[in-house]
Amino acid sequence: MKRIAVLTSGGDAPGMNAAIRAVARTGIEKGMEVFGVEHGYAGLIAGNFIPLGARDVGGIMQRGGTMLGSARCPEFKAEEGRVKALRELNQKGIEGLVVIGGNGSQTGANSLAATGYPVVGVASTIDNDLYGSEITIGVDTALNIALETIDRLKVTASSHQRAMLVEVMGRDCGYLALMAGIAGGAEAVLIPECETNPEELAREIWRAYERGKPHAIVVVAEGARPNAQGLAQYVKEQRARLGFELRVTIIGYVQRGGTPTYFDRMLASRLGAAAVEQLAAGHHGLLVGIQKSEVVATPLAEVVAGKKPLDPRLLDLARVLSK
Ligand code: ADP
Ligand code: F6P
């Protein structure tokens, strides 16, 4: 394989740049010409390729986001869009593609791989909901940002005896909320996987005060039902009866945009390099991820069909340690 391309797709994740750098430099080491595709599958369809030399990827590792840009591209979900993308790849003589992204992006990679085109995915999403990798690029940084926020909020929550709801990302998956809740010492964690009874949450907050806690921190995933706003509205309406105030802080995109931690830079460097090694060895239709600290490759079809449920022991740990 003499020419390969790399793209980043879906939600950006801190560490994507380190993965691009690893793809480019590993490819160059193997005598390949490496191209970056701008703005994910949209750039693939439009034929927006830029050459990536070793110097072009210098100084990017410590930057959040992605130097190539990312995008949501509905056109790629249709066969017509993928045919256009394949035409561009073939016209430019590109023989293999690395797709850095989460669930949706790897579903797209799998559709492209199903045509026989050599594709390797790199597990990258702050949500950590991708089957085939215990942890994905961006999770560690996103969690550290959430923790910094929670630690700060605890200070003011204690000063005012005020309950604080902290909304973290995770539309469909509660991993970030759960882990930030455990490591941040939250009194409750609300996730999309389980519906919340607002009255039960209010009782939970009361019980925390009764146990002598000066604060009550509740970490809420973006996709929790009801969500942070809904819960805050409930407490506001019942304020007189409940006897406490509740404030909401939404971390939102701040969580996606941080400087990648050591862990994310290392993970991204290893996975980016591994993706190129797979292509060079003639292996494709795979996702490279991490299992038990080792890089492993899992067929994309399996990744797309698989589910990564939350570990119920961690849910239990969150409950026990909130005492
Ligand atoms: P993430 O990769 O972060 O989960 P998305 O779910 O938004 O992000 O997916 C990113 C992109 O992947 C989509 O905009 C689309 O271009 C592509 N994609 C998602 N689902 C499919 C699919 N079923 N078939 C083909 N491409 C898809
Ligand atoms: O996939 C990562 C993620 O941060 C989700 O947790 C979140 O729901 C989503 O991206 C929101 O991103 P956007 O607004 O860019 O679609």
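Residues numbered from 1 in each chain as written. Chains lettered and ligands numbered in written order. Predicted model: local features only at pLDDT ≥ 70, side-chain atom pairs only at ≥ 80, totals over all residues. Heavy atoms only, no water.

Engineer: Before we move on, can you summarise the sheet that holds strand β9 (residues 246–250) with the specific residues and values?
Structural biologist: Pairing in this open sheet of four strands is parallel, and the strands run β7-β8-β6-β9 from one edge to the other. Every other strand in the sheet has two partners, leaving β7 (188–190) and β9 as the edge strands with one partner each. On average, each strand axis in the sheet is tilted by 20° relative to the strand beside it, whichever way the strands run. The strands touched by helix α5 (residues 139–160) are β6 (163–168), β8 (216–221) and β9; relative to β6, the strand with the most contacts, the crossing angle is about 170°. Packed on one face of the sheet, helix α8 (residues 228–237) meets β6, β7, β8 and β9 and runs near 165° to β9. (Pairing = 2+ DSSP bridges. Helix = DSSP H or I, 4+ residues; strand = E, 2+ residues; numbered from the N terminus. Axes fitted to C-alpha atoms, helices over the stretch in contact; angles between N-to-C directions. Contact = heavy atoms within 4.5 Å.)

Engineer: So what about a nonpolar patch on the surface? Which residues, and what values?
Structural biologist: A cluster of nonpolar side chains, Y262, F263 and M266, forms an exposed patch at the surface whose accessible area comes to about 340 Å². Of note, Y262 is situated in helix α10 (residues 262–280). (Patch = residues over 30% accessible without salt bridge, like charges linked within 9 Å, V, L, I, M, F, W, Y side chains within 5 Å. Areas by Shrake-Rupley, 256 points an atom, 1.4 Å probe, with all protein chains shown as cover. Salt bridge = Lys/Arg side-chain N within 4 Å of Asp/Glu carboxyl O.)

Engineer: An account of the site of ligand 1 is requested, with residue identities and associated values reported.
Structural biologist: In the vicinity of ligand 1 lie 16 residues, with G11, R72, C73, G104 and S105 positioned nearest. C73 is positioned with one of its backbone polar atoms (N or O) 2.6 Å from an oxygen atom of ligand 1. In the model, an oxygen atom of ligand 1 is placed 2.9 Å from a nitrogen or oxygen of the G104 main chain. For ligand 1, whose free accessible area comes to 550 Å², the fraction covered by protein is 79%. For ligand 1, the cavity whose grid points lie within 2 Å of the majority of its atoms is the largest pocket. Counted by class, the shell around ligand 1 contains three nonpolar, ten polar and three charged residues. (Near = heavy atom within 4 Å. Polar contact = N/O pair within 3.5 Å; in protein donor to acceptor, adjacent residues only side chain to side chain. 1 Å grid on protein atoms, 1.4 Å probe; cavity = no way out; pocket = protein on both sides within 12 Å on 5 of 7 lines; lining within 4 Å. Sits in = over half its atoms within 2 Å of the grid points. Nonpolar A, V, L, I, M, F, W, Y, C, P; charged D, E, K, R; others polar.)

Engineer: If you had to explain the side chain of R162 to someone new, which residues and values would you point to?
Structural biologist: Here R162 shows up in the loop between α5 and β6. Among buried Asp, Glu, Lys and Arg side chains, R162 stands out as unpaired, with E245 the closest opposite charge at 4.1 Å. Leave out the neighbours within four places in its chain, and R162 touches A157, Y209, A216, E245 and R247. (Buried < 20%, exposed > 50% of the residue type's maximum accessible area, 1.4 Å probe, protein only. Lys, Arg positive; Asp, Glu negative; His and termini not counted.)

Engineer: I'd like a description of the packing of helix α1 (residues 16–29) against α10, backed by residues and values.
Structural biologist: The axes of two packed helices give the description: the angle between them and the distance between them. Relative orientation of the contacting elements α1 and α10 amounts to 40°, with a least axis distance of 7 Å. By crossing handedness, the relation of α1 to α10 is classed as right-handed. Mapping the contact onto sequence places A18, A19, A22, V23, T26 and G27 in α1 and R265, A268, S269, G272, A273, V276 and E277 in α10. A class-by-class count of the residues in the contact of α1 with α10 yields seven nonpolar, four polar and two charged. (Left-handed = near helix turned anticlockwise from the far one by under 90°.)

Engineer: An account of the domain arrangement of the chain is requested, with residue identities and associated values reported.
Structural biologist: Accessible area lost upon the coming together of the parts is a frequently used measure of interface size. We note that the domain assignment places domain 1 (3–138 + 260–305) and domain 2 (139–256) within the chain. For domain 1 and domain 2, the distance between their C-alpha centroids amounts to 34 Å. Summed over both sides, the interface of domain 1 with domain 2 buries roughly 1200 Å², with 55% coming from carbon and sulfur. For the pair domain 1 and domain 2, the number of links is one salt bridge. (Domains from an automatic or database assignment. Buried area = accessible area lost by both parts, 1.4 Å probe.)

Engineer: Run through the site of ligand 2, naming residues and quoting values.
Structural biologist: Around ligand 2 lies a shell formed by R72, I126, D127, M169, G170, R171, E222, Y253 and R256. Here an oxygen atom of ligand 2 sits 3.0 Å away from a polar atom, N or O, in the main chain of G170. Here an oxygen atom of ligand 2 sits 2.8 Å away from a polar atom, N or O, in the side chain of R256. In isolation ligand 2 has 390 Å² of accessible area, and contact with the protein removes 81% of it. Here ligand 2 is seated within the largest pocket. A breakdown of the residues in the shell around ligand 2 according to their chemical character gives three nonpolar, one polar and five charged. Two domains each donate at least three residues to the shell around ligand 2, and these are domain 1 (3–138 + 260–305) and domain 2 (139–256).

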